[in-house]
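# Results of the structural survey
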Amino acid sequence: MLAIITGTICPSGDMKQLAICNAEERLEQYKKSLRVFIGSGAFSKIVFAENSNYGAKTMEDLSDYARKNRVQLEILSFAGNTVQSILQGKGYGEGEIMQYVMEHSELLKGEAFFVKITGRLQVHNIRVITKKLKDQRTYFNIPNRTRKDIYDTRIYAMPIEQFREKFMPVYTQVMDDEGVYLEHVYTRQIVNRGIRVYNFPVYPRIEGISGSGGTIYAYSEWKCKIRDVVSRFNYYTIKKNRKR
């Protein structure tokens, strides 16, 4: 299975809502997360893509670790449209990264399905999750039980061709200052295009820190075990996507 992990190592100082701006600190956080995913046994291929043109060589030390774990690792580093990202928000940059991966990744060729994970986050049960995924389905969860109107974009999974056709072009609609985030744009696509969404078959155990708001992500295992059960009933979807 293939993972796409997105990031921005050296964000512009003009980017809004950034809690962690130091490039070296961000780089080490990305490396830490990548080591977790490489060593998890969940993926045979991992693409890490970042849009600050920091340079692929800064992550060369992970190549040996990937080879030892029999994982193909591809690092893509390019200069994104900083002006537009500042104007429209971080979701614009994320969408731009995904488009770049779709157009330039060598590892993506011949693959039919991917799991996308936001960089610097760790999903500690990712191997359990990937073993249960079906490559013809689209997987999203709502962020939490109090937000039933949008889907979480920290982790999702779907067929590659579906992403190219229905999700890749729409990131240009993001406008953070108007309250239109990538989560809203993707959710609108899901609803308007009638895409059947499934919860991840096991609730993701996410840990890490948000580089934008500085939110610390953690989880309680006993609560997650309850969430595992309700995930089987597609509870963590917005109402229109729930199984009737």
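Preceding this paragraph is the structure being described.
Below, the structure is looked at part by part. Quick caveat, the model's predicted, so the values are computed rather than measured.

The rules we used
- Residues numbered from 1 in each chain as written.
- Predicted model: local features only at pLDDT ≥ 70, side-chain atom pairs only at ≥ 80, totals over all residues.
- Heavy atoms only, no water.
- Helix = DSSP H or I, 4+ residues; strand = E, 2+ residues; numbered from the N terminus.
- Expected span 1.5 Å × (residues − 1).
- Buried < 20%, exposed > 50% of the residue type's maximum accessible area, 1.4 Å probe, protein only.
- Phe/Tyr/Trp six-rings, centres within 6.5 Å; stacked < 30°, edge-to-face > 60°.
- Lys NZ or Arg CZ within 6 Å of the ring centre and 35° of its normal.
- Polar contact = N/O pair within 3.5 Å; in protein donor to acceptor, adjacent residues only side chain to side chain.
- Contact = heavy atoms within 4.5 Å.
- Pairing = 2+ DSSP bridges.

### Regarding helix α1 (residues 23-39)
Along its 17 residues, α1 runs 24 Å from first to last C-alpha, staying within 8% of the 24 Å computed at 1.5 Å per residue. All of the buried residues in α1 are A23, R26, L27, Q29, Y30, K31, S33, L34, F37 and I38. G41 lies just past α1 and shows a positive phi near 80°.

### Side note on the packing of aromatic side chains
Under the defined criterion, the tally for this structure stands at 16 aromatic pairs. The interplanar angle of 80° and the centroid separation of 6.2 Å between the aromatic rings of F114 and Y156 together place this pair among those described as edge-to-face. Of this pair, F114 sits in strand β4 (residues 113-118) while Y156 sits in strand β7 (residues 155-159), and the two are 42 residues apart along the sequence. Among the aromatic residues, those joined into a cluster by ring pairs are F114, F140, Y151, Y156, F163, F167 and Y186. Positioned over the ring face of Y217 is R154, at 4.5 Å from the centre of the ring.

### Considering the side chain of N199
Of note, N199 is situated in the loop between β8 (197-198) and β9 (206-209). For N199, the side chain forms a polar contact with the main-chain nitrogen of Y235, separated by 3.0 Å. When residues no more than four places from it in sequence are discounted, the contact partners of N199 are Y139, F140, N141, S231, N234, Y235, Y236 and T237.

### Brief notes about the pairing of strand β1 (residues 2-7)
Burial analysis of β1 places six of its six residues in the buried class, which makes it a mostly covered element. Here β1 shows no split at all, with L2, I4 and T6 on one side and A3, I5 and G7 on the other all buried. Sheet topology places β1 next to strand β2 (residues 45-50); six bridges connect them, and they run parallel. Bridge assignment links G7 to a residue of β2, and that residue is E50. As paired strands, β1 and β4 are joined by four bridges and run parallel to one another. When the sheet's bridge partners are listed, T6 is paired in β4 with T118.

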